[in-house]
Amino acid sequence: MRVREIQVPASRVRGVGPATAKLLANLGILTVGDLLSWWPREWDDRTVRTFFSSWSESAKINVLAKVTAHEWFGYGRMKTLKLIVEDAEGTEAELVCFNRPFLERLYPPETEIAVNGRFQPKYGRLQSSAFDIEAAEDAPAKVLPVYSLTAGIAQTQMRKIIAAALEEYGRGIDSELPEKVRKSEGLPEKAAILRTMHAPASMQEAEAARDALIFEELFFFQYAVGKGSLKRRGRLPAVDSGSAETGSEDGKPNSGEAAGAREEAPLSPLQKHLLERIPFSLTPDQRSVADEINRDLDSGLTMARLLQGDVGSGKTLIAFLACLRVIDSGGQCAFLAPTELLARQHAENAARLLESTGVRIAFLTGNVKAEGRTNVLSRLASGEIDLVIGTHALFSESVKYRNLALAVVDEQHRFGVLQRSAILAKGPGAAAGKETHLIMMSATPIPRTLALSVFGDLDVSVIKTMPPGRKPIVTHLARQGNEQKVYDFVRRELSLGHQAYFVYPLIDQNDALDLKSAERMHERLSREVFPEYGAELIHSRIPEDEQRRIMESFRLGKTGILVATSLVEVGVDVANATCMVIEHAERFGLSALHQLRGRVGRGDLQSWCFLVYSGNLTEEGKARMKIMHETTDGFRIAEEDLVIRGPGEIAGIKQSGYAGFDLADPVRDMKILEKARAAAFALLLEENRVS
Ligand code: ADP
Ligand code: MG
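Residues numbered from 1 in each chain as written. Chains lettered and ligands numbered in written order. Predicted model: local features only at pLDDT ≥ 70, side-chain atom pairs only at ≥ 80, totals over all residues. Heavy atoms only, no water.

Asks: Run through the overall build of the protein, naming residues and quoting values.
Replies: A count of helices and strands for the protein gives 22 helices and 22 strands. Considering the protein as a whole, with its 691 residues, one finds that 54% of them fall into the buried category. Pairs at least 24 residues apart make up 73% of the contacts formed inside the protein by residues separated by at least 6 positions. As presented, the protein carries roughly 31500 Å² of accessible surface, and 52% of it is formed by carbon and sulfur atoms. (Helix = DSSP H or I, 4+ residues; strand = E, 2+ residues; numbered from the N terminus. Buried < 20%, exposed > 50% of the residue type's maximum accessible area, 1.4 Å probe, protein only. Contact = heavy atoms within 4.5 Å. Areas by Shrake-Rupley, 256 points an atom, 1.4 Å probe, with all protein chains shown as cover.)

Right, here's the structure in full:
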């Protein structure tokens, strides 16, 4: 029997009366199976004893000490006992016994005790009010499980209950992993894991048992991922993908088959037309990614591909090429961008590139009003539009497609992962027996561990190399107060006919925050600092028509300086802009800084990024500035970001159920994740060969 299958009510366990059973039910513990798989949240390692002098605010310590005196404070019913204790080094500490007056009799002066708790100095003496105490002779050195609790159940009681359950029901529990996998991974049987989790002999043993459970959890997750992929696409997602330094072994940009060895799929007529119109040729990475996509589209199975490439690597063109192949074979395409500004830019690009091809393009955002909107909707529904470009309005309830064959999501990290299903639901659906192809593009490189877990069912293509002629952007840090030097530098660039961005964290002045705002700095920069060059202001509160005019004028080089908020973080593409000045840079997250910096260095001109930071940086702020200064490698920045912020904030996965594992944390447990994935896929392949 598997542990979760033990349906005996928890109330049968020794020490669990009706009242306790109710409290356990609050935790979702109803059966003995639930109880046995109530894993310790951590262990308290009492095999390591130390002295009071090694206290820290963050960790509990175990100390052997002697009670030297009793003191009382407060009056009447509020009277509280303090045990004064001293360890072998002679350090004194006080144990404040709130609601525990009975400790007076249990631990009279001269008693040797073992205490476990978190200590902090107060009024000149170390103090703890949340501590465990035992007589030293009753306290053998051991590792104790620490469980999550609910009000009314104490830690010691929970330990007793689970120990009793283990003793009565802990035998004859089956392992869940297939025996073959378990043995080849060298993992203990489930029954042994259970015993070790709840009553380990050492910390190492406890951690090994937990790793075995994590493996199990990730194995079944990856097994499900692989199975889904087999069903949808007839094959497993590439095992090894998603990270710059660990691409496929042959060093080719993309995983899977060796791209160089095979012939490229022939281009479709519209694809040919587009490639003839652009004034450059595709980079080798772009070519091989385009070819991968072409093969996917021709395969008769549904494509689900994550296209990664650092800012400026040329993903948009690849997405357009994919659309054109689909349009050539009679399907509709939807191209989703996170901001109106970017959607507009893509639409204008598409219109320019596809002029005279007969491809019918439409633009749709929440701001497209009444008549125009009705018109676009009806033409989408009737199939008179081939390519629609817009914001999330593309996938709102009222939008119907005749034959949506491909959805492209640009800057996918701006959208929640869950939106994926909303997008795919717009396709022709099960009725036509076909799902919508999906390309998700990301310039915030997705660390390998996320690529394997959250995006584990996607194939990953990576564009690693930049178009030729790009010069690495030089990043300078400047402390606030020295911005005059930065301005002087920018003036030199402007005088050469180049352009500059100035980015601020706020639109308008907020006196409480004491930050420079885009509005005020626009005034200052245009009137006092650079009166000889035009400066325009852009942010999300400026009407859309006006935003358009401003961008167009900047794109044409009529405006020297664009003062902005992080609105310009995504997509904006002006190769003549060589300076990015970000003031109050410490206010921006790493991925925003990286994206903003990516607005320059988009042509063959040398470009600069200036991060102006305020004097009193937090540790985190310092770390961010340092990384930005050290590297322009988006993958490294993303990995660091992951370390600084934790996985929940990254890549739009906050609401994705990413953290939905019981014990596993794919970031911390990346090594186990990789092993589990390899084992799960190996098993799937074997099963499939047999059937
Ligand atoms: P991102 O990957 O950040 O979305 P874009 O698709 O916006 O990058 O491309 C950045 C710029 O590089 C655009 O101006 C685009 O026209 C240009 N570009 C794309 N591919 C190439 C290429 N092979 N050679 C030269 N320039 C290119
Ligand atoms: Mg882009």
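Back to the text.
Asks: So what about the site of ligand 1? Which residues, and what values?
Replies: Looking at ligand 1, there are 16 residues lining it, with Gln286, Gly312, Lys315, Thr316 and Asp573 nearest. Measuring from an oxygen atom of ligand 1, one finds a side-chain N or O atom of arginine 470 at 2.8 Å. Protein chains bury 82% of the 560 Å² of accessible surface belonging to ligand 1 in isolation. Tallied by class, residues from the shell around ligand 1 come to four nonpolar, seven polar and five charged. (Near = heavy atom within 4 Å. Polar contact = N/O pair within 3.5 Å; in protein donor to acceptor, adjacent residues only side chain to side chain. Nonpolar A, V, L, I, M, F, W, Y, C, P; charged D, E, K, R; others polar.)

Asks: So what's going on with unusual backbone geometry? Residues and values would help.
Replies: Not every positive phi belongs to a glycine, and glutamate 110 is a case in point at roughly 85°. Here glutamate 110 lies in the loop between helix 3 (103-106) and strand 5 (112-117). A residue is classified by how much of its surface remains accessible, and glutamate 110, at 54% relative accessible area, is exposed. With phi around 55°, histidine 584 is a residue other than glycine that occupies positive phi space. Summarising the element assignment, histidine 584 is placed in the loop between strand 21 (577-583) and helix 19 (590-597).

Asks: Account for the packing of aromatic side chains, naming residues and giving values.
Replies: According to the stated counting rule, one finds 13 aromatic pairs in the structure shown. Aromatic ring contacts, followed pair by pair, group Phe215, Phe219, Phe220 and Tyr223 into a single cluster. The side chain of lysine 79 reaches across the aromatic face of tryptophan 72, ending 5.0 Å from its centre. (Phe/Tyr/Trp six-rings, centres within 6.5 Å; stacked < 30°, edge-to-face > 60°. Lys NZ or Arg CZ within 6 Å of the ring centre and 35° of its normal.)

Asks: Tell me about the nonpolar core, and please be specific about residues and values.
Replies: Leu387, Val388, Tyr401, Leu406 and Ile439 are the most contacted members of the largest nonpolar core, which totals 65 residues. Ranked by the residues each element gives to this core, the list is headed by helix 10 (residues 315-328), at 10 residues. In terms of nonpolar packing, the next biggest core, distinct from the first, is built from 56 residues, Ala478, Phe502, Ile542 and Met625 among them. (Core = buried A, V, L, I, M, F, W, Y, C linked by side-chain atoms within 4.5 Å.)

Asks: An account of the pattern of salt bridges is requested, with residue identities and associated values reported.
Replies: On inspection of all chains with the given rule, the structure shows 40 salt bridges. Between arginine 344 and glutamate 544 there is a salt bridge; the shortest N-O distance is 3.1 Å. With a gap of 200 residues between them, arginine 344 in helix 11 (residues 340-353) and glutamate 544 in helix 18 (residues 544-555) connect regions that are remote in the sequence. For the pair arginine 344 and glutamate 544, one class covers both residues: buried. One salt bridge connects lysine 516 with glutamate 483, and the closest N-O pair in it is separated by 2.8 Å. Of this pair, lysine 516 sits in the loop between strand 18 (499-503) and helix 17 (518-529) while glutamate 483 sits in helix 16 (residues 483-495), and the two are 33 residues apart along the sequence. Taking the relative accessible area as the measure of exposure, lysine 516 reaches 13% and is therefore buried. Here glutamate 483 falls in the buried class, since its relative accessible area comes to 11%. Here the residues in one salt-bridge network are Glu71, Lys82, Glu92, Glu94 and Arg125, joined through shared partners. (Salt bridge = Lys/Arg side-chain N within 4 Å of Asp/Glu carboxyl O.)

Asks: Please set out the state of the cysteines residue by residue, giving values where relevant.
Replies: One pass over the structure, following the stated rule, counts zero disulfides. Of the cysteine sulfurs around cysteine 333, a residue in no disulfide, the closest is that of cysteine 323, at 4.0 Å. Look at cysteine 333 and you get buried, because its relative accessible area is 1%. The structure places no disulfide on cysteine 579, whose sulfur is separated from the nearest cysteine sulfur, that of cysteine 609, by 9.6 Å. (Disulfide = S-S within 2.5 Å.)

Asks: Please provide a residue-by-residue account of the sheet that holds strand 3 (residues 80-87), values included.
Replies: Taken in spatial order, the seven strands of this open sheet run 6-7-4-3-2-5-8, and their pairing is mixed. The outermost strands of the open sheet, each flanked by one partner alone, are strand 6 (120-122) and strand 8 (131-135). Sheet twist, expressed as the mean angle between neighbouring strand axes with direction ignored, is 45°. Of the pairings in the sheet, the one linking strand 2 (residues 61-73) to strand 3 comprises eight bridges and is antiparallel in character. Bridge pairing in strand 3 links valine 67 to valine 85. (Pairing = 2+ DSSP bridges. Axes fitted to C-alpha atoms, helices over the stretch in contact; angles between N-to-C directions.)

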